[in-house]
Amino acid sequence: MRAAIEVIGLRKRYGPTVALDGMSFTVLPGRVTGFVGPNGAGKSTTMRVILGLDTADEGSALVGGRPYRSLRAPLCQVGALLDAAALQPSRTARNHLLWLAHSQGLGARRVDEVIEQVGLGAVARRRAGGFSLGMRQRLGIAAALLGDPPVLMLDEPVNGLDPVGIVWIRGLLRSLAAEGRAVLVSSHLMSEMQDMADHLVVAGRGRVVADTSVADLIAAASDGRVTLRTTARPEAMEVLARAGARVAVQDRDTLTVSGLEAGRIVALLGANDVPFSEVAAHRASLEEAYMELSRDAVEFRATTPGDGTATS
Amino acid sequence: MTDSTTVVTGHGANGRDGFRHLVHAEWTKFRTVRGWVAGMAVGVALVVALGLMSAAGSHASCGMGDVETACTLTTGPGGEAVSDRFFFVHRRLDGDGSITVRVDSMTGQIRLPDATPGVRNVVAGVVPWAKAGIMVKDGVREGASYAAVMVTARHGVRMQHDFTEDVAGGPGGVSPGSPRWLRLTRSGGTLTGYESDDGRRWIVVGTARPARLPATVEAGMFVASPGDLTVSRGNLGGASVQVRFTEATAVFDQVRLEGRVEGRTGGTWSHDDVGVAYEPGGRTPHHPGRFTESGGTFTITGVGDVAPSTEGMRIESTLSGQAAGLVAVMVVAVLFVTAEHRRGLFRTTLLAAPRRGRAFAAKTVVIGAVAFAAGLTAAALTVPLGARILRANGNAVLPVSTFTELRVVAGVAALTAAVAVLALACGALVRRGAAAVTVVAGLVVVPHILATASVLPLGVARWLLRLTPAAGFAVQQSVPEYAQVLGYYSPQGGYYPLPPLAGLAVLCGYAALAAVLAAVRMSRADA
């Protein structure tokens, strides 16, 4: 499968600050790729280099095998949402899309299509200056969809959307991917990716710290851990600790146990008459997996090994 | 699934086509911001309203004796305003022929500023463009077509015709010790002027084809002496110009007229004080010329000038609102680019047009075209209507050819376009609206105001109008500077140091330079 976006060894400095430090990854068509990492990890800079807005000191970024700046009618190749606030306030939503359409040789009909697609039909002839952040995000997404591009790049598209909007954009991005498009979505919040992305590129300190499918990432973070639900939390903790397990409290009646397999836990609890309602292999949330990775990335290792398990 | 990464798009497949789309996009951007469209309309309205209002407020009348009349101008065969006053001693010549004379001397008197108030301070002397020579003219009507060859006081021998045309012959004047022979030959529609130091060896001064010369013309000797010009500097840097009476007297002999001359034998010479003005009452000539003849020697005294006239209002004086209109255009042009930088919209533009110079070039094309249309509308309304109002109010407005009027109107449009491009480029360089408008106004409007408001010495004012973008205002000068007319050709009086197109080229040079710098800056920096 031909990569829709190829990022190869990007390096960039702003004075003494290293923004990109060998950033490399590819984005494939047919799936939603989440581009996550803490603020300052280099996500936005990478996207701007891909889009030809910034120049990297080293490395290259290709879209459909070509640098963005060499594309003809680029909005028909890549649709991008970078900054939803970038609007002339006195221009109407429709006219904002109209000039973009004209720049690519597209007509007003396509504008009306995308404006309906993002649900702004009713306010199309209103000044964009009066739009809420959520409406601006939708307008920005309409602009990205305008050229019906095979590649979409959205920087923090969920910002400012209400819950209905969040559900809508998840569905939209998944359906765009299902049509065979490559979709790259950045976010600094892992939770936003949970039901949206198929694949994740996790960035930290200007490079990629993980490039994996969502399922693999969660499995890795869940490795060997068991979730125990019990009404007798102190007793259970004591019994299991005596047997050499590491136990972390997840909430009032839930514990995460590592170092013992599930069968052994059931046997121990039965032998000591500790009541429990559920023993299950732990499935880490994406957030937990991300926290683990981020910790590595920002080099904030826990000082005590016992605190190594995620507890939130 | 893989096919979707290689969607083939038919849009902008070639570069020129893509650029057309970018221009279309920039035009859409412009027209969809109401404030910008309104700003351009305000610019046009300012020029039209201020121009027509000042024309409507300008009234003039002239007196013909006791009767008040509208001020009229004498016009030459080319339609331009002329001064046509001289003393003419002539005979009628039918068909081809020639006239030959010897000019023996030229003397005169000049009235200087009164040393004692009320007492005429007249000294002997001749002004540089005092003229004595021979002429062939379509009658004695003021403004009639002619050709002449003459000796001047300081500018040597000249061949002139139809007021605006002037060719230099040999240098030097005449004095009793060194006379000058002159000859004017008619052959069909062509006249040839000759000069000679000895009456035997003749040198061609030039040839002329006057616009309207009938078969029968008046041929003879003439003398004219333009007013003496004094320029004194005012306290505030301005200048006041005084023109005072002069007259010149020339002595001619060895007069020979060849061809079919009316009353060849025993015929007499007629004489006319062409264009003489009259004292109040309309009977007595004011500063009359005169002549005497004795034994073939003619002594002729003349007052006035045979030359183009620049006394009167200009059509471009109706453009009094132009500076205000240009400022409105500058503001719009600057905002057209700085608004994008302020809102981050510039990045969206670059996503649509990643090759940076092209995006800016498209913007330049649009603002230039919009400003050209605005300038054209403003000038095409203001100049003809304003001139009509001025004339209806009795003002003498110097007539110009249709071509010149079109050049002024189109020139104002081009000037407006160039100023808009300069403003756009400065906006892209400075990126802050107020600062950019200040810079452009400081480059274009301020030097023009300083140079034309008589606050600077003449030399400084002229250099400002050569070196700064304000040079472009030269394109609206409708009446040229005439080398053969001594005048106070100052920017204040509407005379620019550069020719119209050269001045416009200076402005366009600045605009192009700024645009290139802006494009370079844009293509180098991260967006």
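Residues numbered from 1 in each chain as written. Chains lettered and ligands numbered in written order. Predicted model: local features only at pLDDT ≥ 70, side-chain atom pairs only at ≥ 80, totals over all residues. Heavy atoms only, no water.

## Some words on the overall build of chain A
Inclusion rule: Going along the chain from the N terminus, every DSSP run of H or I of four or more residues is numbered as a helix, and every run of E of two or more is numbered as a strand. Burial classes: relative accessible area under 20% of the type maximum marks a residue as buried, over 50% as exposed, and values in between as partly exposed (1.4 Å probe, protein chains only). Whether two residues are in contact is decided by their heavy atoms: any pair within 4.5 Å suffices. Each accessible area is a Shrake-Rupley estimate made with a 1.4 Å probe; only the visible protein chains count as cover when residues are assessed. Positive charge is attributed to Lys and Arg, negative charge to Asp and Glu, and no charge count is given to His or to the chain ends. To locate a charge, take NZ of a lysine, CZ of an arginine, CG of an aspartate or CD of a glutamate.
What chain A contains, in helices and strands, is nine helices and 13 strands. Dimensions of chain A, computed from C-alpha atoms along their principal axes, come out at roughly 75 × 45 × 35 Å. For chain A, buried positions account for 53% of its 312 residues. A fraction of 68% describes how many contacts in chain A between residues 6 or more apart in sequence connect residues 24 or more apart. Put simply, chain A shows about 13100 Å² of open surface, and 50% of that area lies on carbon and sulfur atoms. Taken together, the 34 basic and 33 acidic charged side chains of chain A have centroids lying 8 Å from each other.

## Here we look at the sheet that holds strand E4 (residues 58–63) of chain A
Residues and elements named next belong to chain A. Cut-off, in case you're wondering: By definition, two strands form a pair when at least two bridges between them are found by DSSP. The angle between two axes is taken between their N-to-C directions and runs from 0 to 180 degrees, where each axis is a line fitted to C-alpha atoms and a helix contributes only its stretch in contact.
Judged by pairing direction, the sheet is antiparallel, and its three strands sit side by side in the order E2-E1-E4 without closing on themselves. Either end of the sheet is taken by a strand with one partner, and the two such strands are strand E2 (17–27) and E4. The sheet shows a mean angle of 20° between the axes of neighbouring strands, taken without regard to direction. By the bridge criterion, five bridges tie strand E1 (residues 5–14) to E4 in an arrangement that is antiparallel.

## So, helix H3 (residues 322–343) of chain B
Residue and element names in this part refer to chain B. What counts is decided by this rule: In a helix, the anticipated span is given by 1.5 Å times the number of residues less one. Note that the bend at a residue is defined as the angle between axes fitted to the seven residues ending at it and the seven residues starting at it.
The terminal C-alpha atoms of H3 lie 31 Å apart, and with 22 residues this matches the ideal 32 Å at 1.5 Å per residue to within 8%. At Phe336, H3 shows its largest bend, some 35°. Following H3 by one or two positions, Gly344 has its phi on the positive side, about 80°.

## Some points on the interface of chain B and chain A
The following threshold applies: Accessible area that two parts lose when put together, with a 1.4 Å probe and added across both, is what the buried area reports. Salt bridge, as applied in this entry: a Lys or Arg side-chain nitrogen positioned within 4 Å of an Asp or Glu carboxyl oxygen.
Taken together, the 37 residues of chain B in the interface contact 44 residues of chain A. Summed over both partners, the interface of chain B with chain A buries about 3600 Å², with 58% contributed by carbon and sulfur atoms. Across the chain B-chain A interface, the total number found is zero salt bridges. Of all the elements in the fold, those that place two or more residues in the side of chain B that touches chain A are helix H1 (15–31), helix H2 (34–56), H3 and helix H4 (345–352) of chain B. The element best represented in the side of chain B that touches chain A is H1 of chain B, accounting for eight residues.

## Here's the deal with the domain arrangement of chain A
Definition in use: Note: domain ranges come from an automatic or database domain assignment.
If you check the domain split of chain A, you get domain 1 (5–213) and domain 2 (225–281). Taking only C-alpha atoms, the centre of domain 1 of chain A and the centre of domain 2 of chain A are 45 Å apart.

## Describing the UniProt feature "domain: ABC transporter" (unreviewed entry) in chain A
Using the following cut-off: UniProt positions are given in the numbering used here, feature names are shortened, and annotations may be inferred rather than shown by experiment.
This chain's UniProt record puts "domain: ABC transporter" (unreviewed entry) on residues 5–230 of chain A. Here residues 5–230 of chain A runs as 30% helix and 29% strand, with 48 Å between its end C-alpha atoms.

## Considering the confidence of the model for chain B
Short version of the rule: As a per-residue measure, pLDDT reflects the predictor's confidence and takes values from 0 up to 100.
Averaged over all residues, the pLDDT of chain B equals 90, while 94% of them reach at least 70. Within the model, the stretch residues 1–14 of chain B combines pLDDT values under 50 with 27 contacts to residues more than four positions away or in other chains.

## A short note on the sheet that holds strand E12 (residues 254–258) of chain A
Residue and element names in this part refer to chain A. One open sheet holds the four strands; their spatial order is E11-E12-E10-E13, and the pairing between them is antiparallel. Of all strands in the sheet, those bounded by a partner on one side alone are strand E11 (246–251) and strand E13 (278–281). Between one strand axis and the next, the sheet turns by 25° as a mean value, whatever way the strands run. Sheet topology note: the strand E10 (residues 225–229)/E13 ladder contains four bridges and is antiparallel. Looking at the pairing, Leu228 lines up with Val279 of E13. On the sheet, helix H7 (residues 233–242) packs against E10, E11 and E12 and is oriented at approximately 160° with respect to E11. Sheet contacts for helix H8 (residues 262–271): E10, E12 and E13; angle to E10, the most-contacted strand, approximately 35°.

## Some details on the pattern of salt bridges
Taken as a whole, this structure holds 31 salt bridges over all chains when the rule is applied. A salt bridge links Asp197 of chain B to Arg180 of chain B, with the nearest nitrogen and oxygen atoms 3.5 Å apart. One end of the pair, Asp197 of chain B, is in the loop between strand E11 (190–196) and strand E12 (203–208); the other, Arg180 of chain B, is in strand E10 (residues 180–187), and 17 residues separate them in sequence. Taking the relative accessible area as the measure of exposure, Asp197 of chain B reaches 58% and is therefore exposed. The shortest N-O distance in the salt bridge between Glu258 of chain B and Arg256 of chain B comes to 3.0 Å. Exposure remark for Glu258 of chain B: the relative accessible area of 38% places this residue in the partly exposed category. The network of salt bridges with shared partners includes Arg11, Asp21, Glu58 and Arg207 of chain A.

## Some thoughts on the packing of H3 of chain B against helix H6 (residues 402–430) of chain B
All names here are of chain B. Our working rule: Throughout this description, any angle smaller than 35 degrees is read as roughly parallel, any larger than 145 degrees as roughly antiparallel, any in the 65 to 115 degree range as roughly perpendicular, and the remainder as oblique. Here is the rule for handedness: rotate from the far helix to the near one, and if that takes an anticlockwise turn smaller than a right angle the crossing is left-handed, while a clockwise turn gives right-handed. Gly is put with the polar residues, along with every residue not named as nonpolar or charged; the nonpolar set is Ala, Val, Leu, Ile, Met, Phe, Trp, Tyr, Cys and Pro, and the charged set is Asp, Glu, Lys and Arg.
The N-to-C vectors of H3 and H6 enclose an angle of 40°; their axes lie 8 Å apart at closest approach. Looking at the two axes, H3 sits oblique to H6. H3 and H6 meet at a crossing whose hand is right-handed. Seen from H3, the contacting residues are Gln322, Leu326, Val329, Met330, Ala333, Val334, Phe336, Val337 and Thr338; seen from H6, they are Val412, Leu415, Thr416, Val419, Ala420, Ala423, Leu424, Gly427 and Ala428. Split into classes, the residues belonging to the contact of H3 with H6 amount to 14 nonpolar, four polar and no charged.

## Topic: the domain arrangement of chain B
Residues and elements named next belong to chain B. Stated formally: The term polar contact refers here to a pair of N or O atoms within 3.5 Å; inside protein, the definition further demands a hydrogen-donor-capable atom paired with an acceptor-capable atom, and it admits residues adjacent in sequence only when both atoms are side-chain atoms.
Along its sequence, chain B is carved into domain 1 (16–57 + 313–524) and domain 2 (82–308). Taken residue by residue, the interface counts 13 residues in domain 1 and 17 residues in domain 2. Interface area lost by domain 1 to domain 2 is led by Gln484, Leu486 and Tyr488, which between them contribute 56%. The interface formed by domain 1 and domain 2 contains two residue pairs in polar contact (both at pLDDT 80 or more). Within the side of domain 1 that touches domain 2, the residues separate by chemical class into nine nonpolar, four polar and no charged.

## Concerning the confidence of the model for chain A
Residues and elements named next belong to chain A. Here chain A averages 87 in pLDDT, while 93% of its residues score no lower than 70. Put simply, helix H9 (residues 286–298) is where chain A has its lowest mean pLDDT, 65, and helix H2 (residues 93–103) is where it has its highest, 97. Segment residues 298–312 is flagged for pLDDT under 50; beyond a separation of four residues in sequence, or across chains, it makes 19 contacts in the model.

## Looking at the packing of aromatic side chains
Two measures describe an aromatic ring pair: the distance that separates the ring centres and the angle between the ring planes. All names here are of chain B. Definition in use: Note on aromatic pairs: the rings of Phe, Tyr and Trp (six-membered ring only in Trp) are paired at centre separations within 6.5 Å, and the planes decide the class, stacked below 30 degrees, edge-to-face beyond 60, tilted for the rest. A positively charged side chain is recorded as over a ring if its NZ (Lys) or CZ (Arg) lies within 6 Å of the ring centre. The angle to the ring normal must also be within 35 degrees.
As enumerated under the stated definition, the model contains 12 aromatic pairs over all chains in all. Note on Trp27 and Phe30: the rings are 6.3 Å apart at their centroids and 15° apart in plane angle, and the pair reads as stacked. In this pair, Trp27 and Phe30 are both assigned in helix H1, three residues apart and thus about one turn of the helix distant. Residue class for Trp27 comes out partly exposed when judged on its relative accessible area of 39%. Every member of this aromatic cluster is reached through a ring pair, and the members are Trp27, Phe30, Trp36 and Phe336. The residue whose ring lies beneath Lys363 is Phe336, and the NZ or CZ to ring-centre distance is 4.1 Å. Residue placement shows Arg431 over the ring face of Phe346; its charged tip is 5.6 Å from the ring centre.

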